[in-house]
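For reference, the chains in residue letters:
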Amino acid sequence: MLVQLAREMEVEDKQGEEGQDEKDNKDGGGDNKESWLDEVCLVKMVLVKMRHLAFKIVHSTTKVLPAWHDILKEKSLPPRLIPHDVKTRWNSTYDMLSVVLKYRVAIDTLCATREYGLCAYELSPDKWSIITE
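What you see is a predicted model, and the numbers here were worked out from it, not measured in a lab. Along each chain, the written sequence defines residue order, and numbers are assigned to residues from 1. This being a predicted model, a pLDDT of at least 70 is required before a residue's local features are given, and a value of 80 or more before pairs of side-chain atoms are given or counted; all residues contribute to the totals for chains, interfaces and linings. The basis for the side-chain values is all heavy atoms of the structure; hydrogens and waters are excluded.

> Please clarify how the pattern of salt bridges should be interpreted in this entry.
Between side chains of opposite charge, pairing is possible as soon as their charged atoms come close. Salt bridges, as used here, are contacts in which a Lys or Arg side-chain nitrogen is within 4 Å of a carboxyl oxygen on Asp or Glu. Per the counting criterion, the structure on display carries three salt bridges. As a salt-bridge pair, Lys75 and Glu74 come within 3.9 Å of each other at their nearest N and O atoms. With relative accessibility at 31%, the residue Lys75 sits in the partly exposed group. Overall, the relative accessible area of 58% leaves Glu74 in the exposed class. The shortest N-O distance in the salt bridge between Asp108 and Arg104 comes to 3.8 Å. Linking Asp108 with Arg104, this pair stays in helix H5 (residues 104-112), spanning four residues, or about one helical turn. Relative accessibility under 20% of the residue-type maximum defines a buried residue, over 50% an exposed one, and the middle range a partly exposed one, all with a 1.4 Å probe and only protein chains included. Look at Arg104 and you get partly exposed, because its relative accessible area is 31%. Counting from the N terminus, the helices are the DSSP runs of H or I reaching at least four residues and the strands are the DSSP runs of E reaching at least two.

Now the structure itself:
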């Protein structure tokens, strides 16, 4: 009896999803979904770049970390590392991005210097605007 009820619920769910997909396509909602997914992918890409950059700075103790501290002195910024974004800490993404915004000049300088191999983490003005939002 319960198995049959579960199967009927699955069929109803599938029919509801198919009906919603058809409704979205008629209303033009499919385009909105695609553009939304594109925007989410951009945000994820920016977050991944900043996570990797923070990791690279901390774990390259002989090359990048001293350069980071030198750039901070040169730009008259207080010495600080980019905090790690940790999934189990609800506010860590915000903390990371707020430090990234404050140290934008230093990050741009560090990533623009080819000898550190961080050019892949350089952000365009469009990507910086994603962080500010």
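From this point on, the discussion continues.
> What should I look at first to understand the nonpolar core in this one?
As a rule of thumb, nonpolar side chains are buried together in soluble globular proteins. Buried Ala, Val, Leu, Ile, Met, Phe, Trp, Tyr and Cys residues that are joined via side-chain atoms within 4.5 Å together make up what is termed a nonpolar core. By size, the foremost hydrophobic cluster in this structure holds 27 residues, and its most contacted members are Leu53, Trp68 and Ile82. Counting only elements with at least two residues in this core, the list comes to helix H2 (29-59), helix H3 (64-74), helix H4 (92-102), H5 and helix H6 (125-132). Between two residues, a contact is recorded if the distance between any of their heavy atoms is within 4.5 Å. Residues contacting Leu53, with those up to four places away along its chain left out, are Ile82, Ile107, Cys111, Leu118 and Tyr121.

> Would you mind going over unusual backbone geometry with me for this structure?
Note: most peptide bonds trans; most residues except glycine with negative phi. Backbone geometry at Ser76 places phi at a positive 60 degrees, although glycine is not the residue there. What makes Ser76 exposed here is its relative accessible area of 66%.

> Just to check I follow, could you spell out the side chain of Lys127 for this structure?
Take Lys127: it is sitting in helix H6. Of the side chains with opposite charge, Asp126 comes closest to the buried, unpaired Lys127, at an N-O distance of 5.9 Å. His is not counted here, nor are the chain ends, while Lys and Arg score as positive and Asp and Glu score as negative.

> Sorry, what's going on with the environment of Ala106 here?
With respect to the secondary-structure elements, Ala106 resides in helix H5. For Ala106, a relative accessible area of 0% corresponds to the buried category. Spatially, the C-alpha atom of Ala106 lies 7.1 Å from that of Lys75, the residues being 31 residues apart in sequence. What Ala106 contacts, discounting residues up to four positions off in sequence, is Trp68, Ile71, Leu72 and Leu77.

It is worth stressing that arrangement in space is one thing and function is another; only the former is reported here.
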